[in-house]
Amino acid sequence: DLIITDAVSKANKETILNSNLMADIENALTNSRKFEVITRRADMLENITNEQIFAQSDWAAGDAADKGWLKNAQALVIIEITSFSFGRSASAIPNIENKWNVSDNCSIKMSAKIIDTVSGTILASFPVEASTGSGTFMVSGSKGGASRSIMQKNMTKAAGLLVNKISDTVFPIKIVNVQDADNI
């Protein structure tokens, strides 16, 4: 689940909801091959329901999707967006008309909780922060708006950081002792 706190402006909430963040998180979890990701997204469940209805029709072979067989999740990952900014800063270049030094930036702060679905116990809770900037570049005429590619890059980065923390939490690895690493 994705929760966006009231600390995030209405415009930024829309930006987040229209971004690739949830898809990036699902892709990163699935592609890690460490988790079986079970969706509860409304659009996905609607597609599954439509397929199950089709499977029961006279058009289907009868060996397809059956109702009542969706898996239960062992744990939920609840992600709360606590801060988000995306924009462009600009400063006029002195003595040159209609020339600007601009920089596009995006930052996101999240809090993640892993919750056991049987007991309701919070198994882990941790923050995730990511920021990406374009560096400074010059533009002519209008200052323009921030590049969405910076935001998409940052959302992908945040998703990767989140999944790494989830993996480290669920599958902790502790190196006890390394001796003479050159002769391994």
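Quick caveat: nothing in here was measured; it's all calculated off a predicted structure. (Residues numbered from 1 in each chain as written. Predicted model: local features only at pLDDT ≥ 70, side-chain atom pairs only at ≥ 80, totals over all residues. Heavy atoms only, no water.)

## Quick word on the nonpolar core
One recurring pattern in soluble globular proteins: nonpolar side chains tend to sit buried together.
(1) Moving on: Residues Ile16, Ile81, Phe84, Ile108, Phe126 and Leu162 are the most contacted members of the largest nonpolar core, which totals 26 residues.
(2) Moving on: Counting only elements with at least two residues in this core, the list comes to α2 (21–31), β2 (75–92), β3 (99–116), β4 (122–140) and α4 (148–170).
(3) Moving on: When residues of this core are assigned to their parent elements, the largest contribution, eight residues, is made by α4.
(4) Moving on: Residue contacts for Ile81: discarding those within four places in its chain leaves Leu2, Ile3, Ile4, Thr5, Val8, Ile16, Leu21, Ile108, Lys109 and Met110. (Core = buried A, V, L, I, M, F, W, Y, C linked by side-chain atoms within 4.5 Å. Buried < 20%, exposed > 50% of the residue type's maximum accessible area, 1.4 Å probe, protein only. Helix = DSSP H or I, 4+ residues; strand = E, 2+ residues; numbered from the N terminus. Contact = heavy atoms within 4.5 Å.)

## Things to note about α4
(1) Moving on: Its 23 residues place the ends of α4 33 Å apart at the C-alpha level, agreeing with the 33 Å of an ideal helix rising 1.5 Å per residue.
(2) Moving on: On its buried face, α4 is in contact with α1 (10–17), α2, β2, β3 and β4. (Expected span 1.5 Å × (residues − 1).)

## Comments concerning the confidence of the model for the protein
(1) Moving on: Averaged over all residues, the pLDDT of the protein equals 87, while 91% of them reach at least 70.
(2) Moving on: When pLDDT is averaged over each element of the protein, β3 comes out on top at 94 and helix α3 (residues 42–55) at the bottom at 84. (pLDDT = per-residue confidence, 0-100.)

## Some points on α1
(1) Moving on: Restricting attention to buried positions, one finds in α1 the residues Asn12, Thr15 and Ile16. Down the axis of α1, the smallest arc covering the buried residues is 100°, so these residues share one side. For α1, the exposed residues lying more than 90 degrees away from the buried face are Lys10, Ala11 and Leu17.
(2) Moving on: On its buried side, α1 packs onto β1 (2–4), α2, β2 and α4. (Arc of directions from axis to C-beta.)

## Notes on the sheet that holds β4
Backbone-to-backbone hydrogen bonds join strands into a sheet, with any given pair of strands oriented parallel or antiparallel.
(1) Moving on: With respect to topology, four strands assemble into an open sheet ordered β1-β2-β3-β4, the strand pairing being mixed. A single partner strand is all that each edge strand has here, and the edge strands are β1 and β4. Along the sheet, successive strands turn relative to each other by an average axial angle of 20°, direction set aside.
(2) Moving on: In this sheet, β4 lies alongside β3 in antiparallel orientation, the contact comprising 16 bridges. Paired with Cys106 across the two strands is Thr132, which belongs to β4.
(3) Moving on: In this fold α4 packs onto β2, β3 and β4, with an angle of close to 155° to the strand it touches most, β4. (Pairing = 2+ DSSP bridges. Axes fitted to C-alpha atoms, helices over the stretch in contact; angles between N-to-C directions.)

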